[in-house]
Amino acid sequence: MSLKVRKSRAMPPPAPCELTECMAIIAGAWAPNVIWQLRAGPRRFSELRVDIPPVSAKILSQRLKELEQRGVVSRTVQPTSPPSVDYALTPLGAELIPALIAIVEVGHRLKGARGGDQAT
């Protein structure tokens, strides 16, 4: 016997949906981690590799390019020898920090509800 499908009581999202727009900005593996690391100030590529050890150079490079195209990260070439590049959050990128902090706080509560520091 199948159950009757209930109608959704949630209000339909406005078009275009702001949640979808925001999630598209931070989409991609490691994108939130990159934004998180840049919240304290500009970092060079090699520093981000140290900050986020599991990410490969290829993926980190792709995410930085995508985030730059989306207006979240700025890329500044420093006039040094050899040239170095600094990545920093744009004002739009900085607006994402409170949302990421909220996600981290919920993550801590969920981890606590599961029983603390158990390996997942």
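Here is a short report on the structure shown in this document. (Residues numbered from 1 in each chain as written. Predicted model: local features only at pLDDT ≥ 70, side-chain atom pairs only at ≥ 80, totals over all residues. Heavy atoms only, no water.)

### Section: the pattern of salt bridges
Our working rule: In what follows, salt bridge is the name for a side-chain nitrogen of Lys or Arg lying within 4 Å of a carboxyl oxygen of Asp or Glu. Where helices and strands are cited, they refer to DSSP runs of H or I of at least four residues and of E of at least two residues respectively, numbered from the N terminus. Buried, partly exposed and exposed residues are distinguished by accessible area as a fraction of the type maximum, computed with a 1.4 Å probe on protein chains only: under 20%, between the cut-offs, and over 50%, respectively.
Enumeration according to the criterion identifies 5 salt bridges in this entry. In this structure, the salt-bridge partner of Arg44 is Glu47, at a minimum N-O distance of 3.4 Å. Between Arg63 and Glu66 there is a salt bridge; the shortest N-O distance is 3.0 Å. Of this pair, Arg63 and Glu66 both sit in helix 4 (residues 57-69), 3 residues apart, roughly one helical turn. Take Arg63: its relative accessible area is 10%, and that puts it in the buried class. Accessibility expressed as a relative area gives 25% for Glu66, which makes it partly exposed. Bridged by salt links that share partners, the residues Arg43, Arg44, Glu47 and Asp51 form one connected network.

### A few points about the nonpolar core
The following threshold applies: Think of a nonpolar core as a cluster: buried Ala, Val, Leu, Ile, Met, Phe, Trp, Tyr and Cys residues, connected wherever their side-chain atoms sit within 4.5 Å. The criterion used for residue contact is that any of the two residues' heavy atoms lie within 4.5 Å.
Grouped together as the largest cluster of nonpolar side chains are 20 residues, with contacts concentrated most on Ile35 and Val72. Those elements giving two or more residues to this core turn out to be helix 2 (31-38), helix 4, strand 3 (84-89) and helix 6 (97-114). In terms of residue count, helix 2 provides more of this core than any other element does, 4 residues in total. When sequence neighbours within four positions are dropped, the list of residues in contact with Val72 reads Ile25, Ile35, Leu67, Ala88, Leu89, Thr90, Leu92, Gly93 and Leu96.

### Considerations on the packing of helix 2 against helix 4
The condition is simple: Only C-alpha atoms enter the line fits that serve as axes; for helices the fit covers just the stretch in contact. Angles between N-to-C directions range over 0 to 180 degrees. Angles are sorted into four bins: roughly parallel if under 35 degrees, roughly antiparallel if over 145, roughly perpendicular if 65 to 115, and oblique for all others. Residues are grouped as follows: Ala, Val, Leu, Ile, Met, Phe, Trp, Tyr, Cys and Pro are nonpolar; Asp, Glu, Lys and Arg are charged; all remaining types, including Gly, are polar.
Look at helix 2 against helix 4: their axes get within 10 Å of each other, and the N-to-C directions meet at 75°. On the basis of the axis angle, helix 2 is roughly perpendicular to helix 4. Contacts between helix 2 and helix 4 involve Ala31, Val34 and Ile35 from the first element and Leu60, Arg63, Leu64 and Leu67 from the second. Of the residues that constitute the contact of helix 2 with helix 4, the class distribution is 6 nonpolar, no polar and 1 charged.

### Regarding the side chain of Thr90
Short version of the rule: We define a polar contact as two N or O atoms separated by no more than 3.5 Å, with the added condition that, inside protein, one atom must be a possible hydrogen donor and the other a possible acceptor, whereas residues neighbouring each other in sequence contribute only through side-chain atom pairs.
Following the sequence through the fold, Thr90 ends up in the loop between strand 3 and helix 5 (91-95). A distance of 2.5 Å separates the side chain of Thr90 from the backbone oxygen of Gly71, its partner in a polar contact. Beyond its immediate stretch of four places on either side in the chain, Thr90 contacts Gly71, Val72, Val73 and Ser74.

### Topic: the packing of aromatic side chains
Aromatic ring pairs are described here by two measures, namely the spacing of the ring centres and the angle between the planes. Inclusion rule: Note on ring pairs: Phe, Tyr and Trp rings are taken, using the six-membered ring of Trp, and paired if centres are within 6.5 Å. Classes follow the plane angle, with under 30 degrees stacked, over 60 edge-to-face and the rest tilted. Charge-over-ring contacts are defined here by two conditions on Lys NZ or Arg CZ: a distance within 6 Å of the ring centre and an angle within 35 degrees of the ring normal.
Per the counting criterion, the structure on display carries 0 aromatic pairs. It is Arg39 that lies over the ring of Trp36; its NZ or CZ is 3.8 Å from the centre.

### Here's the deal with the environment of Ile52
Within the element layout of this structure, Ile52 appears in the loop between helix 3 (45-51) and helix 4. Measuring from C-alpha to C-alpha, the distance between Ile52 and Asn33 comes to 7.4 Å, with 19 residues separating the pair along the chain. Leaving out residues up to four positions away in the same chain, Ile52 has contacts with Trp30, Asn33, Val34 and Gln37.

### A few points about the sheet that holds strand 3
One key point about sheets: their strands pair by backbone hydrogen bonds, in either a parallel or an antiparallel sense. Spelled out, the test is: When DSSP finds two or more bridges between two strands, those strands count as paired.
The strand order across the open sheet formed by 3 strands is 1-3-2, and the pairing between neighbours is antiparallel. Bordering the open sheet on either side are strand 1 (43-44) and strand 2 (73-78), each of which pairs with just one other strand. Relative to strand 3, strand 1 runs antiparallel, the two being bridged by 2 bridges. From the neighbouring strand, Arg44 faces strand 3, where its bridge partner is Asp86. On the sheet, helix 2 packs against strand 1, strand 2 and strand 3 and is oriented at approximately 95° with respect to strand 3.

None of this, on its own, says anything about what the molecule does.
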